[in-house]
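Tertiary structure, described
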Amino acid sequence: MIRKCLFPAAGYGTRFLPMTKAIPKEMLPILTKPLIQYGVEEAMNARMNTMAMITGRGKRAIADHFDISYELEHQIRGTEKEKMLADIRDIIDTCTFSYTRQAEMLGLGHAILTGETLIGNEPFAVVLADDLCICEGEGVLAQMVKLYNEYQCSIIAIEEVDPSHTNKYGIIAGEAISEGIYRVHTMVEKPAPENAPSNLAIIGRYILTPDIFEILRQTKPGKGGEIQITDALMEQAREGKVIAYRFRGKRYDCGSIDGYVQATIELYEKEKQV
Ligand code: G1P
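Owing to the predicted nature of the structure, the values given are computational and were not obtained by experimental measurement. (Residues numbered from 1 in each chain as written. Predicted model: local features only at pLDDT ≥ 70, side-chain atom pairs only at ≥ 80, totals over all residues. Heavy atoms only, no water.)

Observations regarding the site of the ligand
Taken together, 13 residues are adjacent to the ligand, and Asp131, Gly170, Glu189, Lys190 and Ile202 come closest. At a separation of 2.8 Å, an oxygen atom of the ligand approaches a polar side-chain atom of Asp131. In this structure, an oxygen atom belonging to the ligand sits 2.9 Å away from a main-chain N or O atom of Gly170. Protein burial of the ligand: of its 380 Å² of free accessible surface, 76% is covered by the chains. With respect to the pocket detection grid, the ligand is positioned in the largest pocket. For the shell around the ligand, the element with the most residues is strand E11 (residues 200–208), which contributes four residues. Among the residues forming the shell around the ligand, the class breakdown is six nonpolar, four polar and three charged. (Near = heavy atom within 4 Å. Polar contact = N/O pair within 3.5 Å; in protein donor to acceptor, adjacent residues only side chain to side chain. Areas by Shrake-Rupley, 256 points an atom, 1.4 Å probe, with all protein chains shown as cover. 1 Å grid on protein atoms, 1.4 Å probe; cavity = no way out; pocket = protein on both sides within 12 Å on 5 of 7 lines; lining within 4 Å. Sits in = over half its atoms within 2 Å of the grid points. Helix = DSSP H or I, 4+ residues; strand = E, 2+ residues; numbered from the N terminus. Nonpolar A, V, L, I, M, F, W, Y, C, P; charged D, E, K, R; others polar.)

Okay, structure coming up:
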C-alpha cells in the first residue's frame, strides 16, 4: 500500500515573477484553491494520507495553508462562508504533513533525495504541483497505484507531446505491453527534437520504489548541471523496472503562463456548468 506522497516545492517559479517574489508558485490559485491543494487532493483520491513537502526559503505559506487558522475559523463560524473551508478542513483532519527544506536547488533528483528522511524505506508517489491533472473519475495517482500493485516497480505518467516540444520534458521509449502501458528501456532528459527517442513525455507524476534514493546518491549531475530523476530512473529501467503509463485525463502545464490561464478558464467553465 502506498501511503506517502512527496511534493517537491522548493523551486523559485521565475516564470511568474514578480508574482512569485514573496508567494510560492505552488500557492498560485486556480479559482479558489492553490495548485498544491489540487495535488494533495489527488493523492488523497489515491488513498494516501501522508504528505511530505520539500520546501525552501520563502515557502512558509504552504505550511500555513495546510494548518488550522483558528482566528479565521472563529470569525466565519455559523456563516454562509464556513462551507468554503470544508475541503481544506477535511484535508487537515485526514492527512499528516511533514516538511523539510532543500537548501540548494540542485535539481529534481536532488529534491527527491532530500525527501528520503520523510519517506523512509517504502514506495511513494511524487507530485509536481505545477502539472495540474484533471480526470473524470479516478485521479492520475489512483490510476498509477493500480499499475504499481500489478507490476511492483516504479511507474511514471506520460503523454504524447508535439515532437517540437521534446526539449521541455523527460522523454521515454519502450516496448508497449498493453494499450497505453510501456516497459521503459530508454529515458532522456529534455532532448532536442532530433535526438528524442519518441514524443512520449514524462509528466509530473511518479510512483517510485525506495531503492531510487541509493541510485540518486550515485547519480552525477546531468542536463543543466542538475541531478535528474530521469537519469536515476534510467538505472531502474535498465533492469526492466520502470513502467510508463499514458494516463486518462488532461494535464495543464501550470508552470507556464499559457497553461495556467488555460486551466483557469477551463476549470471556471466546468464549475459554471455545475
Ligand atoms: C521535470 C522533469 C522532466 C519532466 C517534467 C514534467 O522537469 O525533470 O523529466 O518531464 O518535470 O513536468 P521540469 O519541468 O521541472 O524542468
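Back to the write-up after that little detour.
Here's the deal with helix H1 (residues 35–45)
An α-helix turns once per 3.6 residues; consequently, residues spaced three or four apart project the same way. When you tally the buried positions in H1, you get eight out of eleven residues, the bulk of the element. Residues Leu35, Ile36, Gln37, Tyr38, Gly39, Val40, Glu42 and Ala43 constitute the buried set of H1. Positive backbone phi, at 65°, marks Arg47, one or two positions downstream of H1. (Buried < 20%, exposed > 50% of the residue type's maximum accessible area, 1.4 Å probe, protein only.)

Structural notes on the pairing of strand E6 (residues 124–127)
Alternating positions in E6 separate into two faces, Phe124 and Val126 on one and Ala125 and Val127 on the other, with burial throughout. Relative to E6, strand E1 (residues 4–8) runs parallel, the two being bridged by two bridges. Across the sheet, residue Cys5 finds its bridge partner in E6, namely Ala125. Relative to E11, E6 is paired through four bridges, and the arrangement is antiparallel. (Pairing = 2+ DSSP bridges.)

Considering the environment of Pro193
Within the secondary structure, Pro193 sits in the loop between strand E10 (181–189) and E11. In this structure the C-alpha to C-alpha distance between Pro193 and Ser164, which are 29 residues apart in sequence, comes to 5.6 Å. Excluding residues within four positions of it along the chain, Pro193 makes contact with Pro163, Ser164 and Thr166. (Contact = heavy atoms within 4.5 Å.)

Structural notes on the packing of helix H8 (residues 211–218) against helix H9 (residues 229–238)
Between H8 and H9, the least distance of the axes is 9 Å, while the angle of their chain directions is 120°. The interaxial crossing formed by H8 with H9 has right-handed handedness. Each of Asp211, Ile212, Ile215 and Leu216 in H8 lies in contact with H9, whose residues at this interface are Ile229, Ala232, Leu233, Glu235 and Gln236. (Axes fitted to C-alpha atoms, helices over the stretch in contact; angles between N-to-C directions. Left-handed = near helix turned anticlockwise from the far one by under 90°.)

Quick look at the packing of H1 against helix H4 (residues 86–94)
Remark: H1 packs on H4, axes separated minimally by 11 Å, with the N-to-C direction vectors making an angle of 55°. Relative to H4, H1 is oriented oblique. Relative to H4, H1 is oriented so that their crossing is left-handed. Contact with H1, carried on its side by Gln37, Val40, Glu41 and Met44, involves Asp87, Ile88, Asp90, Ile91 and Thr94 of H4 and no other residues of that element. Looking at side-chain class alone, the contact of H1 with H4 contains four nonpolar, two polar and three charged residues. (Parallel < 35°, antiparallel > 145°, perpendicular 65-115°, else oblique.)

Examining the packing of aromatic side chains
The description of an aromatic ring pair uses the distance of the two centres, along with the angle that the planes make with each other. Within the structure shown, the criterion is met by three aromatic pairs. Aromatic side chains Phe66 and Phe97 sit 4.5 Å apart centroid to centroid with 15° between the ring planes, which places their arrangement in the stacked category. Here the residue Phe66 occupies a position in the loop between helix H2 (60–65) and helix H3 (70–76), and Phe97 occupies one in strand E5 (residues 96–101), the gap between them amounting to 31 residues. The exposure classification of Phe66 matches that of Phe97, with both residues buried. With a centroid separation of 5.2 Å and 0° between ring planes, the pair formed by Phe124 and Phe213 is classed as stacked. With Phe124 in strand E6 and Phe213 in helix H8, this residue pair connects regions lying 89 residues apart in the sequence. Accessibility expressed as a relative area gives 0% for Phe124, which makes it buried. Here Phe213 falls in the buried class, since its relative accessible area comes to 1%. Geometry around Tyr38 places Lys33 over its ring, the cationic atom sitting 5.1 Å from the centre. (Phe/Tyr/Trp six-rings, centres within 6.5 Å; stacked < 30°, edge-to-face > 60°. Lys NZ or Arg CZ within 6 Å of the ring centre and 35° of its normal.)

Considerations on the side chain of Thr55
Turning to its location among the elements, Thr55 is positioned in strand E4 (residues 50–55). Relative accessible area serves as the criterion here: at 7%, Thr55 is assigned to the buried category.

Quick word on the layout of surface pockets
Estimates place the volume of the largest pocket at around 1,100 Å³. Considering the residues around the largest pocket, the lining is formed by 37 residues, among which Arg15, Lys25, Leu128, Asp130 and Lys190 are closest to the centre. Counting residues per element, the ones that place at least two in the lining of the largest pocket are helix H5 (108–114), E11, H9 and strand E13 (250–253). At four residues, E11 tops the list of elements feeding residues into the lining of the largest pocket. Its residues assigned to classes, the lining of the largest pocket comprises 16 nonpolar, ten polar and eleven charged. Lys33, Tyr38, Glu41, Asp87 and Leu267 are the residues nearest the centre of the second largest pocket, which is lined by 28 residues in total. For the lining of the second largest pocket, the secondary structure elements donating two or more residues are strand E3 (33–34), H1, H4, strand E7 (131–134) and helix H10 (257–273). (Points joined across faces, edges and corners; volume = space filled by probe spheres on them.)

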